[in-house]
Amino acid sequence: CAHAILGQSLFVVADTLADERCRDNPFATAPGGVRFYAGMPLHLDGVALGTLAVMDTQPRDLGPAQRQALIGLARVAVELLRSRRRVRALHEERTRLHDLARASGDWMWELDAQLRYRWISGQFEPVTGIPPEALLGREVEDALLLDAGGMPLGGGERLLGLLRQRLPFSRVVTAKHTPRGRLLVSRSALPVVDEAGHFRGWRGTARDLTARIDAQSSAAQHDERLRKLSSQIPGLIFQYIRHPDGRGEFPFVSRGVEAVFGVSADEVARDPTHAFEIVHPQDRQRVFAGIERSAVELALWHDEYRVIRRDGRHRWLETRAAPERLPDGATLWHAFSADVTERKQTEAALR
(Lines give C-alpha, C1' and ligand atoms only; values in the text may rest on other atoms or scores of the structure.)
Protein backbone atom coordinates (compact mmCIF):
# COMPACT_ATOMS: atom_id res chain seq x y z
CA CYS A 1 0.00 0.00 0.00
CA ALA A 2 2.93 2.37 0.67
CA HIS A 3 3.87 2.02 -3.02
CA ALA A 4 0.32 2.12 -4.35
CA ILE A 5 -0.69 5.31 -2.52
CA LEU A 6 2.14 7.26 -4.19
CA GLY A 7 0.71 6.72 -7.69
CA GLN A 8 -2.36 7.80 -9.60
CA SER A 9 -3.29 4.51 -11.25
CA LEU A 10 -3.79 0.84 -10.40
CA PHE A 11 -0.69 -0.73 -8.79
CA VAL A 12 -0.38 -4.51 -9.38
CA VAL A 13 2.25 -6.98 -8.11
CA ALA A 14 1.62 -10.42 -9.63
CA ASP A 15 4.18 -12.18 -7.38
CA THR A 16 5.54 -10.30 -4.38
CA LEU A 17 8.55 -12.60 -3.94
CA ALA A 18 9.58 -11.98 -7.55
CA ASP A 19 9.23 -8.18 -7.25
CA GLU A 20 12.26 -6.35 -5.91
CA ARG A 21 10.04 -3.75 -4.20
CA CYS A 22 8.18 -6.32 -2.13
CA ARG A 23 10.26 -9.51 -1.81
CA ASP A 24 11.77 -8.41 1.52
CA ASN A 25 8.45 -7.25 2.98
CA PRO A 26 7.57 -9.20 6.18
CA PHE A 27 3.98 -9.59 4.97
CA ALA A 28 5.31 -11.33 1.85
CA THR A 29 8.00 -13.50 3.42
CA ALA A 30 5.88 -14.80 6.31
CA PRO A 31 4.37 -18.34 5.99
CA GLY A 32 1.06 -17.98 4.15
CA GLY A 33 1.99 -14.36 3.42
CA VAL A 34 0.80 -12.04 0.68
CA ARG A 35 1.96 -13.25 -2.76
CA PHE A 36 -0.37 -11.14 -4.91
CA TYR A 37 -1.34 -7.50 -4.44
CA ALA A 38 -3.43 -5.00 -6.45
CA GLY A 39 -4.20 -1.57 -5.02
CA MET A 40 -5.95 1.52 -6.35
CA PRO A 41 -5.13 4.83 -4.60
CA LEU A 42 -8.09 6.76 -3.20
CA HIS A 43 -7.88 10.52 -3.81
CA LEU A 44 -10.37 12.97 -2.32
CA ASP A 45 -9.99 16.63 -3.32
CA GLY A 46 -6.37 16.06 -4.34
CA VAL A 47 -5.38 14.27 -1.13
CA ALA A 48 -4.37 10.58 -1.14
CA LEU A 49 -6.31 9.07 1.76
CA GLY A 50 -5.48 5.38 1.26
CA THR A 51 -5.93 2.48 -1.12
CA LEU A 52 -8.59 -0.03 -2.06
CA ALA A 53 -6.62 -3.26 -2.33
CA VAL A 54 -7.11 -6.98 -3.02
CA MET A 55 -4.57 -9.62 -1.95
CA ASP A 56 -4.02 -13.35 -2.25
CA THR A 57 -1.67 -15.93 -0.79
CA GLN A 58 -0.98 -17.25 -4.33
CA PRO A 59 0.61 -15.42 -7.27
CA ARG A 60 -1.93 -14.35 -9.88
CA ASP A 61 -2.87 -11.53 -12.23
CA LEU A 62 -6.03 -9.56 -13.00
CA GLY A 63 -7.84 -9.61 -16.28
CA PRO A 64 -9.01 -6.39 -17.99
CA ALA A 65 -12.54 -6.73 -16.58
CA GLN A 66 -11.21 -7.32 -13.08
CA ARG A 67 -8.94 -4.31 -13.33
CA GLN A 68 -11.83 -2.09 -14.45
CA ALA A 69 -13.99 -3.50 -11.65
CA LEU A 70 -11.34 -2.62 -9.04
CA ILE A 71 -10.95 0.88 -10.48
CA GLY A 72 -14.74 1.30 -10.42
CA LEU A 73 -14.94 0.08 -6.84
CA ALA A 74 -12.26 2.61 -5.89
CA ARG A 75 -14.42 5.40 -7.38
CA VAL A 76 -17.35 4.12 -5.34
CA ALA A 77 -15.20 4.13 -2.19
CA VAL A 78 -14.15 7.74 -2.84
CA GLU A 79 -17.79 8.78 -3.28
CA LEU A 80 -18.72 7.00 -0.06
CA LEU A 81 -15.96 8.90 1.74
CA ARG A 82 -17.17 12.14 0.19
CA SER A 83 -20.76 11.39 1.22
CA ARG A 84 -19.65 10.46 4.74
CA ARG A 85 -17.80 13.76 5.07
CA ARG A 86 -20.87 15.60 3.80
CA VAL A 87 -23.10 13.80 6.30
CA ARG A 88 -20.65 14.61 9.09
CA ALA A 89 -20.65 18.28 8.09
CA LEU A 90 -24.46 18.29 8.08
CA HIS A 91 -24.51 16.61 11.48
CA GLU A 92 -22.08 19.17 12.87
CA GLU A 93 -24.17 21.99 11.43
CA ARG A 94 -27.34 20.54 12.93
CA THR A 95 -25.63 20.08 16.30
CA ARG A 96 -24.40 23.66 16.15
CA LEU A 97 -27.91 24.95 15.42
CA HIS A 98 -29.35 22.88 18.28
CA ASP A 99 -26.71 24.21 20.69
CA LEU A 100 -27.35 27.80 19.63
CA ALA A 101 -31.09 27.31 20.00
CA ARG A 102 -30.70 25.83 23.48
CA ALA A 103 -28.37 28.62 24.51
CA SER A 104 -30.84 31.27 23.34
CA GLY A 105 -33.88 29.56 24.85
CA ASP A 106 -35.41 29.07 21.38
CA TRP A 107 -37.03 25.89 20.17
CA MET A 108 -37.34 24.63 16.60
CA TRP A 109 -40.34 23.12 14.86
CA GLU A 110 -41.48 21.56 11.58
CA LEU A 111 -44.93 21.40 10.00
CA ASP A 112 -46.08 19.19 7.14
CA ALA A 113 -48.02 20.42 4.11
CA GLN A 114 -51.29 20.17 6.10
CA LEU A 115 -49.79 22.47 8.79
CA ARG A 116 -49.55 19.66 11.33
CA TYR A 117 -46.62 19.41 13.71
CA ARG A 118 -44.08 16.90 12.38
CA TRP A 119 -41.20 17.64 14.77
CA ILE A 120 -40.50 19.89 17.78
CA SER A 121 -37.09 20.21 19.44
CA GLY A 122 -36.52 19.22 23.04
CA GLN A 123 -36.22 22.81 24.28
CA PHE A 124 -39.99 23.19 23.81
CA GLU A 125 -40.98 21.30 26.97
CA PRO A 126 -38.78 23.23 29.49
CA VAL A 127 -40.30 26.50 28.26
CA THR A 128 -43.94 25.51 27.86
CA GLY A 129 -44.37 22.49 30.13
CA ILE A 130 -45.83 20.54 27.16
CA PRO A 131 -44.12 17.34 25.91
CA PRO A 132 -43.41 17.67 22.15
CA GLU A 133 -45.08 14.29 21.56
CA ALA A 134 -48.39 15.76 22.69
CA LEU A 135 -48.50 18.04 19.64
CA LEU A 136 -47.08 15.77 16.93
CA GLY A 137 -49.68 15.15 14.22
CA ARG A 138 -51.89 18.02 15.43
CA GLU A 139 -52.53 21.17 13.44
CA VAL A 140 -50.71 24.28 14.60
CA GLU A 141 -52.83 26.54 16.81
CA ASP A 142 -54.72 29.33 15.00
CA ALA A 143 -53.66 32.27 17.16
CA LEU A 144 -54.13 35.99 16.63
CA LEU A 145 -51.07 37.92 15.51
CA LEU A 146 -49.91 40.44 18.12
CA ASP A 147 -47.85 43.60 18.01
CA ALA A 148 -44.58 44.16 19.88
CA GLY A 149 -46.56 45.09 23.00
CA GLY A 150 -48.61 41.87 22.99
CA MET A 151 -51.82 43.51 21.71
CA PRO A 152 -53.81 42.15 18.71
CA LEU A 153 -52.98 43.71 15.35
CA GLY A 154 -55.65 45.96 13.93
CA GLY A 155 -56.53 43.74 10.96
CA GLY A 156 -57.27 40.63 13.01
CA GLU A 157 -54.66 38.55 11.18
CA ARG A 158 -54.16 34.99 12.38
CA LEU A 159 -51.24 32.54 12.28
CA LEU A 160 -52.96 29.96 10.05
CA GLY A 161 -53.72 32.62 7.47
CA LEU A 162 -50.08 33.68 7.48
CA LEU A 163 -48.87 30.09 7.07
CA ARG A 164 -51.24 29.46 4.15
CA GLN A 165 -49.57 32.29 2.24
CA ARG A 166 -46.40 30.12 2.10
CA LEU A 167 -44.09 33.12 2.35
CA PRO A 168 -41.12 33.47 4.74
CA PHE A 169 -41.78 35.52 7.86
CA SER A 170 -39.81 36.58 10.94
CA ARG A 171 -40.53 37.74 14.50
CA VAL A 172 -44.29 37.22 14.31
CA VAL A 173 -45.75 37.33 17.83
CA THR A 174 -48.65 35.14 18.98
CA ALA A 175 -50.05 34.06 22.33
CA LYS A 176 -49.76 30.42 23.40
CA HIS A 177 -51.73 28.97 26.31
CA THR A 178 -49.66 26.43 28.26
CA PRO A 179 -49.68 24.74 31.68
CA ARG A 180 -47.29 27.51 32.72
CA GLY A 181 -49.69 30.23 31.72
CA ARG A 182 -50.13 32.44 28.70
CA LEU A 183 -46.85 32.86 26.81
CA LEU A 184 -46.06 35.44 24.15
CA VAL A 185 -44.09 33.66 21.43
CA SER A 186 -42.09 35.12 18.55
CA ARG A 187 -41.90 32.87 15.47
CA SER A 188 -39.74 32.94 12.36
CA ALA A 189 -40.07 30.37 9.59
CA LEU A 190 -39.33 29.37 5.99
CA PRO A 191 -41.54 27.27 3.68
CA VAL A 192 -40.04 23.89 2.67
CA VAL A 193 -40.22 22.78 -0.98
CA ASP A 194 -38.89 19.64 -2.68
CA GLU A 195 -36.71 19.47 -5.79
CA ALA A 196 -39.78 19.75 -7.98
CA GLY A 197 -40.87 22.94 -6.23
CA HIS A 198 -43.81 21.33 -4.41
CA PHE A 199 -44.68 22.73 -0.98
CA ARG A 200 -43.84 20.26 1.80
CA GLY A 201 -44.36 22.26 4.97
CA TRP A 202 -42.54 24.69 7.25
CA ARG A 203 -39.37 24.85 9.32
CA GLY A 204 -39.00 27.54 11.93
CA THR A 205 -37.89 28.73 15.34
CA ALA A 206 -39.81 30.12 18.29
CA ARG A 207 -38.79 32.22 21.27
CA ASP A 208 -40.59 33.02 24.51
CA LEU A 209 -40.86 36.84 24.76
CA THR A 210 -43.28 36.93 27.68
CA ALA A 211 -40.87 38.37 30.25
CA ARG A 212 -39.49 40.95 27.82
CA ILE A 213 -42.90 42.17 26.63
CA ASP A 214 -44.27 42.24 30.19
CA ALA A 215 -41.24 44.28 31.28
CA GLN A 216 -41.68 46.69 28.38
CA SER A 217 -45.39 47.02 29.13
CA SER A 218 -44.68 47.63 32.81
CA ALA A 219 -42.06 50.26 31.94
CA ALA A 220 -44.48 51.95 29.54
CA GLN A 221 -47.19 52.02 32.21
CA HIS A 222 -44.69 53.40 34.71
CA ASP A 223 -43.64 56.12 32.27
CA GLU A 224 -47.26 57.02 31.60
CA ARG A 225 -47.99 57.31 35.33
CA LEU A 226 -44.89 59.46 35.73
CA ARG A 227 -46.00 61.73 32.89
CA LYS A 228 -49.46 62.13 34.40
CA LEU A 229 -48.08 62.88 37.85
CA SER A 230 -45.43 65.28 36.57
CA SER A 231 -48.02 67.16 34.56
CA GLN A 232 -49.74 68.08 37.85
CA ILE A 233 -46.58 69.43 39.49
CA PRO A 234 -46.30 73.25 39.49
CA GLY A 235 -42.79 73.11 38.14
CA LEU A 236 -40.48 70.93 36.12
CA ILE A 237 -38.86 67.54 36.84
CA PHE A 238 -36.17 66.20 34.55
CA GLN A 239 -33.14 64.00 34.16
CA TYR A 240 -29.94 65.31 32.64
CA ILE A 241 -26.92 63.22 31.58
CA ARG A 242 -23.46 64.52 30.87
CA HIS A 243 -21.52 61.84 28.99
CA PRO A 244 -17.75 61.32 29.37
CA ASP A 245 -17.16 63.08 26.03
CA GLY A 246 -18.96 66.19 27.32
CA ARG A 247 -22.14 65.61 25.35
CA GLY A 248 -25.37 66.46 27.20
CA GLU A 249 -28.75 64.74 27.03
CA PHE A 250 -32.18 65.00 28.66
CA PRO A 251 -33.55 61.42 28.97
CA PHE A 252 -36.72 62.71 30.60
CA VAL A 253 -38.35 66.14 30.76
CA SER A 254 -41.83 66.73 32.16
CA ARG A 255 -44.40 68.84 30.36
CA GLY A 256 -43.77 71.74 32.69
CA VAL A 257 -40.59 72.65 30.83
CA GLU A 258 -42.37 75.11 28.56
CA ALA A 259 -44.05 76.93 31.45
CA VAL A 260 -40.81 77.15 33.44
CA PHE A 261 -38.13 77.64 30.81
CA GLY A 262 -40.21 78.87 27.92
CA VAL A 263 -38.68 76.16 25.69
CA SER A 264 -40.62 73.16 24.36
CA ALA A 265 -39.76 69.61 25.44
CA ASP A 266 -39.07 68.61 21.82
CA GLU A 267 -36.51 71.40 21.43
CA VAL A 268 -34.75 70.41 24.63
CA ALA A 269 -34.69 66.74 23.57
CA ARG A 270 -33.21 67.62 20.17
CA ASP A 271 -30.67 70.14 21.48
CA PRO A 272 -29.96 70.26 25.26
CA THR A 273 -28.18 73.63 24.92
CA HIS A 274 -31.58 75.34 24.64
CA ALA A 275 -32.06 74.77 28.38
CA PHE A 276 -28.80 76.58 29.20
CA GLU A 277 -28.68 79.42 26.70
CA ILE A 278 -31.57 81.18 28.45
CA VAL A 279 -29.60 81.52 31.74
CA HIS A 280 -28.98 85.20 32.51
CA PRO A 281 -25.45 86.23 31.41
CA GLN A 282 -24.68 87.58 34.91
CA ASP A 283 -25.59 84.21 36.50
CA ARG A 284 -24.27 81.85 33.84
CA GLN A 285 -20.73 81.45 35.19
CA ARG A 286 -21.98 80.66 38.70
CA VAL A 287 -24.57 78.18 37.42
CA PHE A 288 -22.06 76.31 35.25
CA ALA A 289 -19.48 76.27 38.06
CA GLY A 290 -22.08 74.79 40.43
CA ILE A 291 -22.97 72.07 37.95
CA GLU A 292 -19.29 71.24 37.45
CA ARG A 293 -18.69 71.04 41.21
CA SER A 294 -21.71 68.80 41.62
CA ALA A 295 -20.34 66.43 38.94
CA VAL A 296 -16.90 66.22 40.55
CA GLU A 297 -18.06 65.85 44.16
CA LEU A 298 -21.36 64.05 43.42
CA ALA A 299 -22.98 66.60 45.71
CA LEU A 300 -26.47 68.10 45.54
CA TRP A 301 -26.61 71.15 43.27
CA HIS A 302 -29.01 73.85 44.52
CA ASP A 303 -29.18 77.33 43.09
CA GLU A 304 -31.53 80.22 42.38
CA TYR A 305 -30.75 82.05 39.17
CA ARG A 306 -32.28 84.28 36.57
CA VAL A 307 -33.30 83.32 33.03
CA ILE A 308 -34.37 85.33 30.03
CA ARG A 309 -37.17 83.52 28.29
CA ARG A 310 -37.60 83.69 24.55
CA ASP A 311 -40.58 85.95 25.01
CA GLY A 312 -38.20 88.45 26.66
CA ARG A 313 -39.52 88.02 30.21
CA HIS A 314 -37.03 87.81 33.06
CA ARG A 315 -37.80 85.09 35.58
CA TRP A 316 -36.18 83.56 38.65
CA LEU A 317 -35.75 79.75 38.79
CA GLU A 318 -34.81 77.49 41.66
CA THR A 319 -33.24 74.11 40.76
CA ARG A 320 -32.29 71.17 42.95
CA ALA A 321 -30.37 68.32 41.25
CA ALA A 322 -29.00 65.11 42.83
CA PRO A 323 -26.16 63.52 40.81
CA GLU A 324 -25.05 59.90 40.45
CA ARG A 325 -22.20 58.29 38.51
CA LEU A 326 -23.14 55.77 35.81
CA PRO A 327 -21.02 52.67 34.99
CA ASP A 328 -19.68 54.27 31.79
CA GLY A 329 -18.43 57.31 33.70
CA ALA A 330 -21.33 59.60 32.76
CA THR A 331 -23.07 61.74 35.39
CA LEU A 332 -26.85 61.64 35.73
CA TRP A 333 -28.79 64.33 37.61
CA HIS A 334 -32.35 63.86 38.89
CA ALA A 335 -33.68 67.40 39.18
CA PHE A 336 -36.59 69.67 39.96
CA SER A 337 -36.98 73.28 38.83
CA ALA A 338 -39.63 75.82 39.80
CA ASP A 339 -40.41 79.40 38.91
CA VAL A 340 -39.79 81.42 42.12
CA THR A 341 -40.15 84.87 40.56
CA GLU A 342 -43.07 85.90 42.79
CA ARG A 343 -41.19 84.83 45.93
CA LYS A 344 -38.12 86.78 44.84
CA GLN A 345 -40.27 89.87 44.15
CA THR A 346 -41.91 89.53 47.58
CA GLU A 347 -38.53 89.23 49.28
CA ALA A 348 -37.30 92.32 47.41
CA ALA A 349 -40.39 94.27 48.43
CA LEU A 350 -39.98 93.26 52.10
CA ARG A 351 -36.36 94.32 52.01
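It should be noted that the structure appears before, not after, this text.
Residues numbered from 1 in each chain as written. Predicted model: local features only at pLDDT ≥ 70, side-chain atom pairs only at ≥ 80, totals over all residues. Heavy atoms only, no water.

So, on to the sheet that holds strand 11 (residues 248–253). Judged by pairing direction, the sheet is antiparallel, and its five strands sit side by side in the order 11-10-14-13-12 without closing on themselves. Of all strands in the sheet, those bounded by a partner on one side alone are strand 11 and strand 12 (301–308). Direction aside, the axes of adjacent strands within the sheet are offset by 30° on average. Pairing of strand 12 with strand 13 (residues 314–325) involves eight bridges; the strand directions are antiparallel. Directly across from Y305, in strand 13, lies its bridge partner L317. Packing against the sheet, helix 9 (residues 281–297) makes contact with strand 10 (236–242), strand 12, strand 13 and strand 14 (331–339), and its axis sits at approximately 155° to strand 12. Contacting strand 12, strand 13 and strand 14, helix 10 (residues 341–350) runs over the sheet at an angle of about 120° to strand 13. (Pairing = 2+ DSSP bridges. Helix = DSSP H or I, 4+ residues; strand = E, 2+ residues; numbered from the N terminus. Axes fitted to C-alpha atoms, helices over the stretch in contact; angles between N-to-C directions. Contact = heavy atoms within 4.5 Å.)

Non-glycine residue R166 carries a positive phi angle of around 60°. Under the relative-accessibility criterion, R166 is labelled partly exposed at 46%. Of note in the backbone geometry, L298 takes a positive phi value of approximately 55° without being a glycine. Assignment of secondary structure puts L298 in the loop between helix 9 and strand 12. (Buried < 20%, exposed > 50% of the residue type's maximum accessible area, 1.4 Å probe, protein only.)

Counting along an α-helix, one turn takes 3.6 residues, and residues three or four places apart therefore face a common direction. For helix 9, spanning 17 residues, the distance from its first C-alpha to its last is 25 Å, which sits close to the expected 24 Å at 1.5 Å a residue. Restricting attention to buried positions, one finds in helix 9 the residues D283, V287, G290, I291, S294 and A295. End-on view of helix 9: buried residues confined to an arc of 135°, all on one side of the axis. Facing away from the buried side of helix 9 by over 90 degrees, the exposed positions are Q285, V296 and E297. Elements that come into contact with the buried residues of helix 9 comprise strand 10, helix 8 (274–277), strand 12, strand 13 and strand 14. At the exit of helix 9 stands L298, carrying a positive phi of roughly 55°. (Expected span 1.5 Å × (residues − 1). Arc of directions from axis to C-beta.)

Tallied over the full model, the rule gives zero disulfides. The thiol of C1 is unpaired, and the distance to the nearest cysteine sulfur, on C22, comes to 10 Å. A residue is classified by how much of its surface remains accessible, and C22, at 12% relative accessible area, is buried. (Disulfide = S-S within 2.5 Å.)

Before going further, it helps to spend a moment on a nonpolar patch on the surface. Taken together, the side chains of V47, L49 and L81 make up a nonpolar region of the molecular surface, amounting to roughly 240 Å² of accessible area. Mapped onto the secondary structure, L81 falls in helix 2 (residues 64–104). (Patch = residues over 30% accessible without salt bridge, like charges linked within 9 Å, V, L, I, M, F, W, Y side chains within 5 Å. Areas by Shrake-Rupley, 256 points an atom, 1.4 Å probe, with all protein chains shown as cover. Salt bridge = Lys/Arg side-chain N within 4 Å of Asp/Glu carboxyl O.)

The next point concerns the environment of T128. You can see T128 is positioned in helix 3 (residues 124–128). Relative accessible area serves as the criterion here: at 0%, T128 is assigned to the buried category. If we ignore the near neighbours within four places in the chain, the residues touching T128 are W107, T178, P179, R180 and L183. A distance of 2.9 Å separates a polar side-chain atom of T128 from the backbone oxygen of F124. (Polar contact = N/O pair within 3.5 Å; in protein donor to acceptor, adjacent residues only side chain to side chain.)

According to the stated counting rule, one finds 30 salt bridges in the structure shown. A salt bridge links D283 to R306, with the nearest nitrogen and oxygen atoms 3.0 Å apart. Remark: R306 occurs in strand 12 and D283 occurs in helix 9; sequence separation between them is 23 residues. Overall, the relative accessible area of 23% leaves R306 in the partly exposed class. For R313, the salt bridge identified is with D311, shortest N-O distance 3.1 Å. Here D311 falls in the partly exposed class, since its relative accessible area comes to 46%. The network of salt bridges with common partners includes E304, E318, R320, R343, K344 and E347.

Interpretation in functional terms is not warranted from these geometric data alone.
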